[in-house]
Amino acid sequence: MKKPAKDGGRSTRKMSRRAMLLGGVQLSVVAALGVRLQSMQVEQADQFRLLAEENRINIRLIPPARGLIFDRNGKALADNEQNYRVVMVREDAGDVDEVLAKLLTIVDIPEETIAKAKEDIFRRSPFVQVTIADRLSWEDMAKININAPALPGITAEVGLSRVYPWGAELGHVTGYVGPVSDYDLSKIDDQDPLLQIPKFQIGKTGVENKMERMLRGSAGTKRIEVNAIGRVMRELDRQQGLSGKDVQLTIDADLQSYVQARLDGESAGAVVMDLKDGDLRAIASAPTFDPNLFVRGISVKDWTDLNENKYRPLAAKAVQGAYPPGSTFKMITALAALEDGQVTVDETVNCRGFVEVFGTRFHCWKRGGHGNMNLHESLKQSCDCYYYEISQRVGIDKIADMARRFGLGIKHDIPVSAVASGLAPDKEWKTRVRGEDWRIGDTVNASIGQGYVLSSPLQLAIMTARLATGRSVEPRLIRAIDGVETATGAGSPMGVNENLLRRIRAAMGAVSNHSRGTGYRSRIVASEYQMAGKTGTSQVRRITAEERARGVTSNADLPWERRDHALFVNFAPIENPRFAVAVVVEHGGGGSTAAAPIGRDITLQALYGGTPPLSAYPSNVRGRIADQQARIAEKLAAVKTRAGGDRA
């Protein structure tokens, strides 16, 4: 019997050690995996559960309902209406072109709309919801929903879109909304994520623009569950955002509609101001435009018609227009001279038809002159030479200071677009802006609201309100926000001598109610509603000496663009003033013939709260006024029908 070899025992022991070592390594790996698995399943379970949820759950913004805009009586001026639309999320869609091609086989969408949508889709983050088309019919919505499985990333939904029930009547006041653009984003420092949503509507002009942040509200969110191909399976939950705040204006929609109708056919602006609290009852500019055109996407033809119209329908002339105020400025010159003691109310100045200053003649509108004029007669008959003389005594700086005290040359803070500052020029202004010294001739021109002086109908209404009350009345357009009333513009006493103001008011009363007053033909005969006014005519061209020698060409014989502007300001009733009115008719000719009749009619409409009786008018114009009232009543009925009645 052989003995076991010694080498065999050593080999067996060596293999056993290797097996143990390998087993130990394997055991260590298994133990490590176990520890890691425990960590992932227990300690990090919440983290991985969240990651899994994010893979199948999307969070999307919910645009808030935009705040509404009402008039002072609760009538909706800017409302929201349901809007059926189709949207796409690129990361859920996969092949965008293929999905859009399928969509076009189901609903009819213009090619240019699809092209613009594709541009937005690839410019935005893949998770941003992009509107493909809106204002779809209910039938189109049903077709999209039925074919939903074949349209990944596509959703048909109901949103809200802006509508303006009163249309063109308040286009310049409410303004309009439109899709947010890159240009808009470059102008505003606003990190609101809503602005990143393509076609999200923001205020572009008017109250819509100036009150944008308040009207917009804040976004809500919703969590939706999607399947592997991005199809929405269900909505898990939602957090509603905050709707925009409702804004109530001081505007009276019915009065505004009347003013707009009365200005029809003119290129003009008019303002009606409540003297008690500064409320702007009407701010009308003609011609006007329908803001609904912009909300729905204005056509090239409509834009061209508006933009190339020489009467500038897009311009809010009532607040944006800056015109030489003409003779409506004479009350300012008179007050500056009276307060400074340079003239008394009874002192007379002889009007020969012109005043000569250093060899230059400044002419009165009445070629043969008015004779001796005091304050009362100079305003009643609108004598220019009286103001040429007294302005040289007081100087431009004090005239400009008085103008600013009465609201001229100042930008008033109301929330509409492009409010004009106007201009009450003085010596410092001309040196700073023109680099020239002020001349006496500049003062003479400014004394009758010509030369460098500029004002808007809004400023002229404020001036008239302050003359009527002696208070620093301020314009108010926002009456309340979400039911909370704003501060009124009643103002405090201005500190102007009340005796002087009474003399000015009496002279303005004579302008409208004395047979030699320049506004007499447009008077109110109802004794309780008689008005005090001032006509104005401002030149837009230079009249040469040669033309004066042969006879000044009448406005009727001039092209429209070269005719004088016509102006009229007034307050009424004289004894207990309630309203101030200012009217400017571009190239209207004479203030007494073009602007004063409009101002009278607007004033009566405001005082009576509707159509005034014919007995309030002079007997010789009642037939014409009856025809005019019938035409306007027909227009107003159409407007109210379109507006759909009142909304409280």
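Source: prediction; values computed, not measured.

Cut-offs applied
- Residues numbered from 1 in each chain as written.
- Predicted model: local features only at pLDDT ≥ 70, side-chain atom pairs only at ≥ 80, totals over all residues.
- Heavy atoms only, no water.
- Helix = DSSP H or I, 4+ residues; strand = E, 2+ residues; numbered from the N terminus.
- Rg over C-alpha atoms; globule rule 2.2 N^0.38 Å.
- Contact = heavy atoms within 4.5 Å.
- Areas by Shrake-Rupley, 256 points an atom, 1.4 Å probe, with all protein chains shown as cover.
- Lys, Arg positive; Asp, Glu negative; His and termini not counted.
- Charge placed at Lys NZ, Arg CZ, Asp CG, Glu CD.
- Axes fitted to C-alpha atoms, helices over the stretch in contact; angles between N-to-C directions.
- Parallel < 35°, antiparallel > 145°, perpendicular 65-115°, else oblique.
- Left-handed = near helix turned anticlockwise from the far one by under 90°.
- Nonpolar A, V, L, I, M, F, W, Y, C, P; charged D, E, K, R; others polar.
- Expected span 1.5 Å × (residues − 1).
- Buried < 20%, exposed > 50% of the residue type's maximum accessible area, 1.4 Å probe, protein only.
- Pairing = 2+ DSSP bridges.

S.K.: Quick question: what am I supposed to make of the overall build of the protein here?
M.R.: If you tally the helices and strands in the protein, you get 25 helices and 21 strands. The C-alpha atoms of the protein give a radius of gyration of 37 Å, which is well past the 26 Å a tight globule of 648 residues would have. Here the C-alpha coordinates of the protein stretch approximately 165 × 55 × 45 Å along the principal axes. For the protein, the share of sequence-separated contacts (at least 6 apart) that also reach a separation of at least 24 residues comes to 72%. Accessible surface computed for the protein: about 30600 Å², of which carbon and sulfur atoms make up 51%. Averaging the locations of the 87 positively and 77 negatively charged side chains of the protein gives two centres separated by 4 Å.

S.K.: It is not clear to me how the packing of helix α11 (residues 253-262) against helix α24 (residues 591-608) should be interpreted in this structure. Could you clarify?
M.R.: How two helices pack is summed up by the angle between their axes together with the distance between the axes. Running from N to C, α11 and α24 point in directions that differ by 160°, and their axes come no closer than 10 Å. With respect to their mutual orientation, α11 and α24 come out roughly antiparallel. Note on packing geometry: the crossing formed by α11 with α24 is right-handed. Across from L255, Y258, V259 and R262 in α11, the residues of α24 making contact are P597, I598, D601, I602, Q605 and A606. Looking at the contact of α11 with α24, its residues break down into seven nonpolar, one polar and two charged.

S.K.: Which parts of the structure should I look at to understand helix α21 (residues 457-469)?
M.R.: An α-helical segment advances 3.6 residues per turn. Residues three or four places apart therefore align on the same side. Taking 1.5 Å of rise per residue, the 13 residues of α21 would be expected to cover 18 Å, and the 18 Å separating its terminal C-alpha atoms lies within 8% of that figure. The buried fraction of α21 is high, at twelve of 13 residues. The set of residues buried in α21 consists of P457, L458, Q459, L460, A461, I462, M463, T464, A465, R466, L467 and A468. G470 occupies a position one or two residues after α21 and carries a positive phi of about 75°.

S.K.: Got a minute to help me understand α24 in this structure?
M.R.: Between its first and last C-alpha atoms α24 spans 24 Å; for 18 residues at 1.5 Å apiece the expected length is 26 Å, and the two agree. Of all 18 residues in α24, 15 are buried, a share of seventy percent or more.

S.K.: What exactly am I supposed to notice about the sheet that holds strand β11 (residues 268-274) here?
M.R.: Strands pair in a sheet through their backbones, by hydrogen bonds, and they do so in one of two ways: parallel or antiparallel. Taken in spatial order, the five strands of this open sheet run β12-β11-β21-β20-β19, and their pairing is antiparallel. Each end of this open sheet is capped by a strand with a single partner; those strands are β12 (280-286) and β19 (532-538). Strand-to-strand, the axes of this sheet are offset by a mean angle of 5°, without reference to chain direction. Looking at chain direction, strand β20 (residues 565-572) and strand β21 (residues 579-585) are connected through seven bridges and run antiparallel. Directly across from A566, in β21, lies its bridge partner V585.

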